[in-house]
Structure formats: C-alpha cells, structure tokens
Amino acid sequence: KSGDQTHLHTPDPYVLDSTGVKSEKRGQGLLHMLLDAHARRAREAGHRAMAVSAVIGNESALRGYTKFGFRFVSQLGPEKFGNKHPGMNRLIMDL
C-alpha cells in the first residue's frame with residue numbers, strides 16, 4: 001500500500017487537519033482542551049486512534065502534542081512538497 005496513511009497503526013484514525021493557538025493565548029491549556037474534546041468526539045464515533053501533523057520546525061506544536069500523548073510516527077520532508085514547504089511530522093495516539 002503506498003498511500004500517505006500507511007504509517008498509521010489502526011484502520012480508522014480520527015485525523016485532525018490542523019490546530020492552532022494564538023501566541024497571546026498560549027500557556028492557558030487551550031490546546032489540551034481542544035485535543036481532549038476531539039479525543040472524546042473520536043471515541044464516541046468509534047475511532048481507536050487520533051492522528052495529527054505538525055510542520056517541521058514547529059517545536060511548540062510537537063511539545064504540545066507529545067505532552068498530550070501523541071507519538072511521532074513519520075516525517076514527510078520538504079522534497080515531498082516540491083521544496084516549497086518545510087515538511088511535516090506525523091503523530092498518532094491510541095484512544
């Protein structure tokens with residue numbers, strides 16, 4: 001199988017397309033609340049895993065995701081984006 005989701009360990013992950021917290025709102029637990037709400041929604045819908053991606057170099061996002069329980073599974077380098085984007089780290093967590 002050659003699709004982008006071959007790295008995911010479950011057949012039906014709940015995928016968060018993007019998240020963000022404005023810099024002036026950081027440190028208030030908003031990312032955790034957002035992720036917690038999505039995790040509940042995903043479980044209620046029958047998903048067993050949740051996946052998210054973070055831009056390579058966005059260490060703040062990686063820290064927030066890993067603190068919540070996501071683990072790194074793969075990376076798509078800049079070449080996958082025609083060298084016009086820094087690339088993406090892919091993370092997943094079991095629900």
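Structural notes, computed from the coordinates. No experiment lies behind these values; they were computed from the predicted model shown.

### Description of the layout of surface pockets
Next up, step 1: There is about 590 Å³ of room inside the largest pocket.
Next up, step 2: Looking at the largest pocket, it is lined by 26 residues, and the ones nearest its centre are Val21, Leu31, Ser60, Ala61 and Gly64.
Next up, step 3: Among the elements of the structure, α1 (30-44), β2 (49-55) and α2 (59-68) are those that each provide at least two residues to the lining of the largest pocket.

### Re the pairing of strand β4 (residues 88-94)
Next up, step 1: By the criterion of burial, β4 is predominantly enclosed, with six of the seven residues buried.
Next up, step 2: Across seven bridges, the pairing between β2 and β4 is antiparallel. When the sheet's bridge partners are listed, serine 53 is paired in β4 with arginine 90.
Next up, step 3: Taken together, the five bridges between strand β3 (residues 71-76) and β4 define a ladder with antiparallel strand orientation. Of the residues in β4, the one forming a bridge with glutamine 75 is asparagine 89.

### Here we look at the pairing of β2
Next up, step 1: Within β2, five of the seven residues are buried, which leaves it mostly tucked inside the rest of the structure.
Next up, step 2: Note that strand β1 (residues 14-16) and β2 share three bridges and pair parallel. Looking at β2, one finds that leucine 16 is bridged to valine 52.
Next up, step 3: Read as a crossover between parallel neighbours, the route from β1 over α1 to β2 is right-handed.

### Considerations on the nonpolar core
Next up, step 1: The biggest cluster of nonpolar side chains holds 16 residues, and the ones touching the most others in it are Leu35, Met50, Tyr65, Phe70 and Leu91.
Next up, step 2: Those elements giving two or more residues to this core turn out to be β1, α1, β2, α2 and β4.
Next up, step 3: Not counting residues within four places of it along the chain, the set of residues in contact with leucine 35 comprises Leu16, Met50, Tyr65, Phe68 and Phe70.

### With respect to the sheet that holds β3
Next up, step 1: Taken in spatial order, the four strands make up an open sheet running β1-β2-β4-β3, and their pairing is mixed. For this open sheet the edge positions go to β1 and β3, each flanked by a neighbour on one side alone. Adjacent strand axes in the sheet meet at a mean angle of 25°, parallel and antiparallel pairs treated alike.
Next up, step 2: On top of the sheet, α2 reaches β2 and β4; it is set at about 165° to β2, its chief contact.

### Quick look at the packing of α1 against α2
Next up, step 1: Put simply, α1 and α2 touch, their axes get as near as 10 Å, and they point 50° apart. One element, α1, and the other, α2, form an angle in the oblique class. α1 and α2 meet at a crossing whose hand is right-handed. Residues Leu31, His32, Leu35 and Asp36 of α1 form the contact with α2, whose own contacting residues are Gly64, Tyr65 and Phe68.

About the cut-offs
Residues numbered from 1 in each chain as written. Predicted model: local features only at pLDDT ≥ 70, side-chain atom pairs only at ≥ 80, totals over all residues. Heavy atoms only, no water. 1 Å grid on protein atoms, 1.4 Å probe; cavity = no way out; pocket = protein on both sides within 12 Å on 5 of 7 lines; lining within 4 Å. Points joined across faces, edges and corners; volume = space filled by probe spheres on them. Helix = DSSP H or I, 4+ residues; strand = E, 2+ residues; numbered from the N terminus. Buried < 20%, exposed > 50% of the residue type's maximum accessible area, 1.4 Å probe, protein only. Pairing = 2+ DSSP bridges. Right-handed = clockwise from strand over helix to strand, strands pointing away. Core = buried A, V, L, I, M, F, W, Y, C linked by side-chain atoms within 4.5 Å. Contact = heavy atoms within 4.5 Å. Axes fitted to C-alpha atoms, helices over the stretch in contact; angles between N-to-C directions. Parallel < 35°, antiparallel > 145°, perpendicular 65-115°, else oblique. Left-handed = near helix turned anticlockwise from the far one by under 90°.

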